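Structure assessment
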Amino acid sequence: MAQAIDASKNRPSDPRNQEVVYPSRRDPQIGNLETPINSSSLVKWFINNLPAYRPGITPLRRGLEVGMAHGYWLLGPFAKLGPLRDTDVANIAGLLATLGMVVISTLAVSLYATSNPPKPVATVTVPNPPDTFDTTEGWNTFASGFLIGGVGGAVVAYFILANIELIQNIFK
């Protein structure tokens, strides 16, 4: 077995000897690597359809979509794993913690916007980054949408948790 492995090292046609990682656009000065993962069409399609990279939507809409997702999924860990998880107020405590986290995250994005962030860079996965994040105004509009979406997502998740028995009875 070991001899077969050693012998395969000398055959260029063996798939184990073929290079699969290359510098981006074959230019090593760029400092980015093109791998079978980040250059596959499935990964490119998925990444380019995320709200941050989807073409043709406004910064406010980008922020709303990202905020709704984060507000919705942050409530669960805060309500079910937080220090008040075994009390009657676990869900409301989770909602308040989620709202606090959304506000802190919004402040962090706004603070980043004022720091004159660099322009988006084209990569293997995202060859045409949107110009939404080129300006401070774009980032602040994104942060406003994130706050509105985050609060809305958290409230919807709280409503579902608070009325889960009713919802389950409807679909029986």
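Residues numbered from 1 in each chain as written. Predicted model: local features only at pLDDT ≥ 70, side-chain atom pairs only at ≥ 80, totals over all residues. Heavy atoms only, no water.

**Structural notes on the packing of helix α4 (residues 90-114) against helix α5 (residues 136-162)**
Packing of α4 against α5 brings their axes to within 9 Å, and their N-to-C directions diverge by 175°. Judged by the angle between their axes, α4 and α5 are roughly antiparallel. For the contact of α4 with α5, the per-class residue count stands at 19 nonpolar, 9 polar and no charged. (Axes fitted to C-alpha atoms, helices over the stretch in contact; angles between N-to-C directions. Helix = DSSP H or I, 4+ residues; strand = E, 2+ residues; numbered from the N terminus. Parallel < 35°, antiparallel > 145°, perpendicular 65-115°, else oblique. Nonpolar A, V, L, I, M, F, W, Y, C, P; charged D, E, K, R; others polar.)

**Some words on the UniProt feature "transmembrane region" (unreviewed entry) in the chain**
As annotated by UniProt and renumbered to match this structure, "transmembrane region" (unreviewed entry) occupies residues 89-113 and 142-164. Taken end to end, residues 89-113 comprises 96% helix and 0% strand; its first and last C-alpha atoms sit 36 Å apart. (UniProt positions renumbered as here; feature names shortened; annotations may be inferred.)

**Let's talk about the packing of aromatic side chains**
All told, the structure shown has 4 aromatic pairs when counted by the stated rule. Here the aromatic rings of Y112 and W139 are separated by 5.1 Å at their centres, their planes lie at 80°, and the arrangement is edge-to-face. Of the two residues, Y112 is situated in helix α4 and W139 in helix α5; the sequence distance between them amounts to 27 residues. For W139, a relative accessible area of 16% translates into the label buried. Geometrically, the ring pair formed by F133 and F142 is edge-to-face, given 5.4 Å between the ring centres and 80° between the ring planes. Both residues of the pair, F133 and F142, count as buried. (Phe/Tyr/Trp six-rings, centres within 6.5 Å; stacked < 30°, edge-to-face > 60°. Buried < 20%, exposed > 50% of the residue type's maximum accessible area, 1.4 Å probe, protein only.)

**Brief notes about a nonpolar patch on the surface**
On the surface, L42, W45, F46, L50 and Y53 cluster together to form a nonpolar patch covering roughly 550 Å² of accessible area. Its location among the elements puts W45 in helix α2 (residues 41-48). W45 gets classed as exposed once you look at its relative accessible area, which sits at 56%. (Patch = residues over 30% accessible without salt bridge, like charges linked within 9 Å, V, L, I, M, F, W, Y side chains within 5 Å. Areas by Shrake-Rupley, 256 points an atom, 1.4 Å probe, with all protein chains shown as cover. Salt bridge = Lys/Arg side-chain N within 4 Å of Asp/Glu carboxyl O.)

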